[in-house]
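These are the residues of each chain, in order.
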Amino acid sequence: MPARPLSDETLHLIDAVRDGLAQRCGAAALEERTLFGCWAFFLDGKLCIGVKGEDLLVRLPPERHGEFQEMQNTRELSPGGGMQGYFWVEPHGYARSAQWAFWLDEAVEYNPRAKASPKRRPAGTAPSTAGATPGKAPGSGRQKKPSAPPAGPRRHSIFEADD
């Protein structure tokens, strides 16, 4: 079954996340792909933030799970407790620029300490070193989406009413 097209609001939010992360860590460090049915942003190969509909999926320090769980407009990715540190943030939880900056800063700050998931091979393929670049691990040549560096701090339009 083909995927549904993304709504304008979702595309707008994806663009805002892309801009916010690029300002904090540079566009070259970002990788984008789908995960958990959402559009996900990875830093250094580790999930940082995702967008599904109007909600943000934010990866946060698991040791502070209880603290984030008590915050308004957040809900656990896995209410059974299996995914410590992963939270959905609803639109009212990031509506103001200070709230937006809080979630992006927390996710980017935790990213260097986050544990990376092992890379998965497509089904039916065996590890191969044919065509590998010397000194590089096979499969590490994944192309990142090129983009121009931001031209300074950009105020995204989702905060137009927040002065």
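Scroll up a little and you will see the structure.
Draft legend 1. Inspection of the sheet that holds strand β6 (residues 86-89) at higher detail. Read from one edge to the other, the open sheet built from six strands follows the order β1-β2-β3-β4-β6-β5, with strand pairing classed as antiparallel. Both outer strands of the open sheet, β1 (30-35) and β5 (74-76), are each paired with one neighbouring strand and no more. Averaged over all pairs of adjacent strands, the angle between strand axes in this sheet comes to 25°, irrespective of strand direction. Lying over the sheet, helix α3 (residues 97-110) contacts β2 (38-43), β3 (46-52), β4 (55-59), β5 and β6, oriented at roughly 30° with respect to β4.

Draft legend 2. Broad picture of helix α1 (residues 8-25). Taking 1.5 Å as the rise per residue, α1 with 18 residues should run 26 Å; its terminal C-alpha atoms sit 26 Å apart, in good agreement. Where α1 is concerned, the buried positions are Thr10, Leu13, Ile14, Ala16, Val17, Asp19, Gly20, Leu21 and Ala22. Turning to α1, the residues buried within the fold contact β1, β2, β3, β4 and α3.

Draft legend 3. Summary view of the nonpolar core. Membership of the largest hydrophobic core comes to 25 residues, with the highest contact counts inside it found for Val17, Leu21, Ile49, Leu56 and Trp100. Within the residue set of this core, elements represented by two or more residues are α1, β2, β3, β4, β6 and α3. Ranked by residue count, the leading element in this core is α1, at six residues. Setting aside its immediate chain neighbours within four residues, isoleucine 49 contacts Val17, Leu21, Trp39, Ala40, Phe41, Leu56, Leu57, Leu104 and Ala107. The next biggest cluster of nonpolar side chains, apart from the first, holds seven residues, and it includes Cys38, Phe42, Leu47 and Tyr86.

Draft legend 4. The pairing of β3, seen in detail. Taking burial as the measure, the seven residues of β3 include six buried ones, the bulk of the element. Two elements, β2 and β3, share five bridges in a ladder whose sense is antiparallel. Paired with tryptophan 39 across the two strands is valine 51, which belongs to β3. Remark: two residues form the turn of the hairpin made by β2 and β3, two consecutive strands paired antiparallel; aspartate 44 in that turn has positive phi of roughly 50°. Note that β3 and β4 share four bridges and pair antiparallel. Bridged to valine 51 within β4 is leucine 56.

Draft legend 5. Looking closely at the pattern of salt bridges. Tallied over the entire structure, the rule returns nine salt bridges. Notably, a salt bridge pairs aspartate 105 with arginine 24, separated by 2.6 Å at the nearest N-O pair. Of this pair, aspartate 105 sits in helix α3 while arginine 24 sits in helix α1, and the two are 81 residues apart along the sequence. Here arginine 24 falls in the partly exposed class, since its relative accessible area comes to 31%.

Draft legend 6. Seen up close, the packing of α1 against α3. Remark: α1 packs on α3, axes separated minimally by 11 Å, with the N-to-C direction vectors making an angle of 55°. Relative to α3, the element α1 is oriented oblique. As α1 packs across α3, the resulting crossing turns out to be right-handed. Two secondary-structure elements touch here, α1 through Leu13, Ala16, Val17, Gly20, Leu21 and Arg24 and α3 through Trp100, Ala101, Leu104, Asp105 and Val108. For the contact of α1 with α3, the residue count by class is eight nonpolar, one polar and two charged.

Draft legend 7. Main features of unusual backbone geometry. Phi at aspartate 44 takes a positive value of approximately 50°, unusual for a residue other than glycine. Along the chain, aspartate 44 falls in the loop between β2 and β3. For asparagine 73, which is not glycine, the phi torsion reads 65° and is therefore positive. Note on placement: asparagine 73 falls in the loop between α2 (65-69) and β5.

Parameters and conventions
Residues numbered from 1 in each chain as written. Predicted model: local features only at pLDDT ≥ 70, side-chain atom pairs only at ≥ 80, totals over all residues. Heavy atoms only, no water. Pairing = 2+ DSSP bridges. Helix = DSSP H or I, 4+ residues; strand = E, 2+ residues; numbered from the N terminus. Axes fitted to C-alpha atoms, helices over the stretch in contact; angles between N-to-C directions. Contact = heavy atoms within 4.5 Å. Expected span 1.5 Å × (residues − 1). Buried < 20%, exposed > 50% of the residue type's maximum accessible area, 1.4 Å probe, protein only. Core = buried A, V, L, I, M, F, W, Y, C linked by side-chain atoms within 4.5 Å. Salt bridge = Lys/Arg side-chain N within 4 Å of Asp/Glu carboxyl O. Parallel < 35°, antiparallel > 145°, perpendicular 65-115°, else oblique. Left-handed = near helix turned anticlockwise from the far one by under 90°. Nonpolar A, V, L, I, M, F, W, Y, C, P; charged D, E, K, R; others polar.

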